[in-house]
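Spelled out from the first residue to the last, the chains are:
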Protein chains: 2
Amino acid sequence: MLTLADINAAQQRVAPYVHKTPVLTSHLLNQWLGHNVYFKVESLQKVGAFKARGACNALAWLKEQEQLPKHIVANSSGNHAQAVAWAAAQFQIPATIFMPTNVSKIKAQATKSYGANVVLCNTRQEADERVADAAEQTGFYWLPPYNHEQIICGQGTCALEALQQQPDIDAVFAPCGGGGLLSGTYIATNGIAEQQHKQIKVIGVEPLIANDAACSLRENKIMTLSDTPSTLADGAKTLSVGSLTFEYLKKLDGFYEVEERAIAYWTQWLNHLLKVRIEPTSAMSMAAAVRWLKTHDAAQASSKPLNLLIIISGGNIDQKTMQTIWQTDYLTTLPQEFS
Amino acid sequence: MLTLADINAAQQRVAPYVHKTPVLTSHLLNQWLGHNVYFKVESLQKVGAFKARGACNALAWLKEQEQLPKHIVANSSGNHAQAVAWAAAQFQIPATIFMPTNVSKIKAQATKSYGANVVLCNTRQEADERVADAAEQTGFYWLPPYNHEQIICGQGTCALEALQQQPDIDAVFAPCGGGGLLSGTYIATNGIAEQQHKQIKVIGVEPLIANDAACSLRENKIMTLSDTPSTLADGAKTLSVGSLTFEYLKKLDGFYEVEERAIAYWTQWLNHLLKVRIEPTSAMSMAAAVRWLKTHDAAQASSKPLNLLIIISGGNIDQKTMQTIWQTDYLTTLPQEFS
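Residues numbered from 1 in each chain as written. Chains lettered and ligands numbered in written order. Predicted model: local features only at pLDDT ≥ 70, side-chain atom pairs only at ≥ 80, totals over all residues. Heavy atoms only, no water.

Undergrad: So what exactly am I meant to see when it comes to the overall build of chain A here?
TA: Along chain A, the regular secondary structure elements total 13 helices and 10 strands. What you see for chain A is a C-alpha radius of gyration of 19 Å, in line with the 20 Å of a compact globule of 339 residues. For chain A, buried positions account for 60% of its 339 residues. For chain A, contacts bridging at least 24 residues in sequence account for 74% of all contacts bridging at least 6. Element-wise, carbon and sulfur atoms account for 47% of the exposed surface of chain A, whose accessible area totals about 13200 Å². Charge-centre separation for chain A: the mean point of 27 positive side chains lies 5 Å from the mean point of 29 negative side chains. (Helix = DSSP H or I, 4+ residues; strand = E, 2+ residues; numbered from the N terminus. Rg over C-alpha atoms; globule rule 2.2 N^0.38 Å. Buried < 20%, exposed > 50% of the residue type's maximum accessible area, 1.4 Å probe, protein only. Contact = heavy atoms within 4.5 Å. Areas by Shrake-Rupley, 256 points an atom, 1.4 Å probe, with all protein chains shown as cover. Lys, Arg positive; Asp, Glu negative; His and termini not counted. Charge placed at Lys NZ, Arg CZ, Asp CG, Glu CD.)

Next comes the structure, spelled out in structure tokens:
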């Protein structure tokens, strides 16, 4: 299993390339909750998402091993595509990204703007097949989105950096797509907690209508969704977690499944309170944090305020999702009134 | 007339209270435009808007004059209300804000959360009358939103700070409501340009359907809109500019009137590119900048890239406006294709 030392090494590797993103808090929200919530804002990361960390670490690690490939390939319709394109450009390696034709124009454009070659395929399945074929060529390297040790370590640098910026955290919340961010968050947080001889809970979050990870944890085996779920949290649409990431997910202190309404509610509120663009996948963690605080408050009525860390995974939202998020006015319902 | 020295003094005064906000840029946007655009992001300012600067400076100046009042009153349904409430709390003075009942719940709530007493009035007119009455009381001070020298100086600290953070700017763009931000921007920019013996253009922007300032400049007298216009740029709904601010507006190098469609277009794009919440009033300046660049490019085909500074006035947007902004997908139309 990976350890804090691996995340520390990744932090050294990616430091010259990625942003040190800010940790924000809202006094108004803290006042309402009676606890302090700190947000690690990866919306302000390169490519607008934590994914830049993993892709960059994987390539920097390959370079360290003197195994830097001649060409990088990947298949993705999401943030991973842009992250790979961007990271490949940092190491001056050509990249080819296979995307389904239904990918948004802006995502394809952004991927191209980092210098990658974008190949549009009729279906996601065709993209999957073509990337596998391409990866067979000598000197070609297929960078997967989450089931890769150095991707996990790269994503873990986000929680590590946040815990360095904001000590005394009691619990960390992160969303679960393929499990890369959550695995890295667990390894970093657990390592720091051990080092400091204290407890820091690590809690995962998933949309209720895309709850393959929660089901997998209940069944103790990896379960796969049969169809792409239509959740607002598009970073959590992944059909299943990975064989590597599942082993870390088993160690979490809690796992929440969140309704779409609560995802929309917290997307509006966090965008409003923090003044930073926050994608629904990230807002989902706030819904979980509120539920977790309620059980904690019930158990310990006289406790002192807790310090929570929420990993805001990114800020990439398409127009269709924005339209859905903002069709109802949730800002008239204050957090203490929402249930 | 006010000078750079007055803005410098204001900067000293507000420094302990306000945030030094970041200047952001988008490499993708710069690549598309062939010029560099720098955004001074006051969305990340206290109360989510530049208004914190003016209110804070006015109170700090009163304190300096040993004329700090016993009670502050203001009438506003917008960012000024929150700014006054927040600033009064910094100087531990009670504040009463008169707001029309149709103000959004969230704005009233935010104003209260800074400790102000909020009085809801049936109409805007009633709010105007009641604040005037309240201000008659001994020790009470009515802080207006823009037509006040120390408010203008406070707002000017935003451009001053930005020009210190990002030297070599060729033109500055700011939106026009009552003209406080724009006047302060003009004074700061003009002062710095004189000091450095160079030219920096200062350009104002207004919604076409709320163009009282543009009409006033054409007629050379202050014109007043008969009704509150229904522009997306709610920070520019002010019915007329002030007697003080109008004198500075006359000195501007240009003034643009922007269509609602272009305001919505650039609100989507700037939110997308910068990953920060940007209100339509601020996005309006980008539409003007693009038009200004076109005339410049036509005049000087072989010129080197220009450096533009755009003052992003704030990040407060209600749900209704968000819904309108995001109902059409403008992200599929790249800036070079939009007209």
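Undergrad: When you look at the pattern of salt bridges in this model, what are you seeing that I'm missing?
TA: Here the idea is simple: oppositely charged side chains can pair when their charged atoms come close. One pass over the structure, following the stated rule, counts 16 salt bridges over all chains. A salt bridge links A:Lys250 to A:Glu247, with the nearest nitrogen and oxygen atoms 3.1 Å apart. For A:Glu247, a relative accessible area of 34% gives the class partly exposed. A salt bridge links B:Lys198 to B:Asp168, with the nearest nitrogen and oxygen atoms 3.9 Å apart. Here the residue B:Lys198 occupies a position in the loop between helix H8 (180-195) and strand S8 (201-207), and B:Asp168 occupies one in the loop between helix H7 (149-165) and strand S7 (171-175), the gap between them amounting to 30 residues. Among the residues examined, B:Lys198 registers a relative accessible area of 29% and is labelled partly exposed. A single salt-bridge network, built from bridges that share partners, covers A:Lys40, A:Glu42, A:Arg53 and A:Glu161. (Salt bridge = Lys/Arg side-chain N within 4 Å of Asp/Glu carboxyl O.)

Undergrad: Explanation requested: the packing of helix H7 (residues 149-165) of chain A against helix H8 (residues 180-195) of chain A in the structure shown.
TA: Two numbers describe a pair of packed helices, the interaxial angle and the distance between the axes. Residue and element names in this part refer to chain A. Closest axis-to-axis distance for the H7/H8 pair is 7 Å, and the angle between their directions is 50°. Put simply, H7 runs oblique to H8. As H7 packs across H8, the resulting crossing turns out to be right-handed. Mapping the contact onto sequence places Ile152, Gln155, Gly156, Ala159, Leu160 and Leu163 in H7 and Gly180, Leu181, Ser183, Gly184, Thr185, Ile187, Ala188, Thr189 and Ile192 in H8. The residue inventory of the contact of H7 with H8, partitioned by class, reads eight nonpolar, seven polar and no charged. (Axes fitted to C-alpha atoms, helices over the stretch in contact; angles between N-to-C directions. Parallel < 35°, antiparallel > 145°, perpendicular 65-115°, else oblique. Left-handed = near helix turned anticlockwise from the far one by under 90°. Nonpolar A, V, L, I, M, F, W, Y, C, P; charged D, E, K, R; others polar.)

Undergrad: What should I look at first to understand the relation of the copies chain A and chain B in this one?
TA: Between the two copies of the chain lies a relationship made up of a rotation around an axis and a movement along it. Least-squares fitting of chain A to chain B yields an RMSD of 0.0 Å, with the transformation described by 0.0 Å of translation along the axis and a rotation of 180°. Such values leave the two copies arranged in the relation of a two-fold axis. Closest approach to the rotation axis within chain A is made by the C-alpha atom of A:Val276, at a distance of 2.1 Å. Most of the interface of chain A is mirrored in chain B, where 100% of its interface residues again form contacts. (Least-squares fit on C-alpha atoms with pLDDT ≥ 70 in both.)

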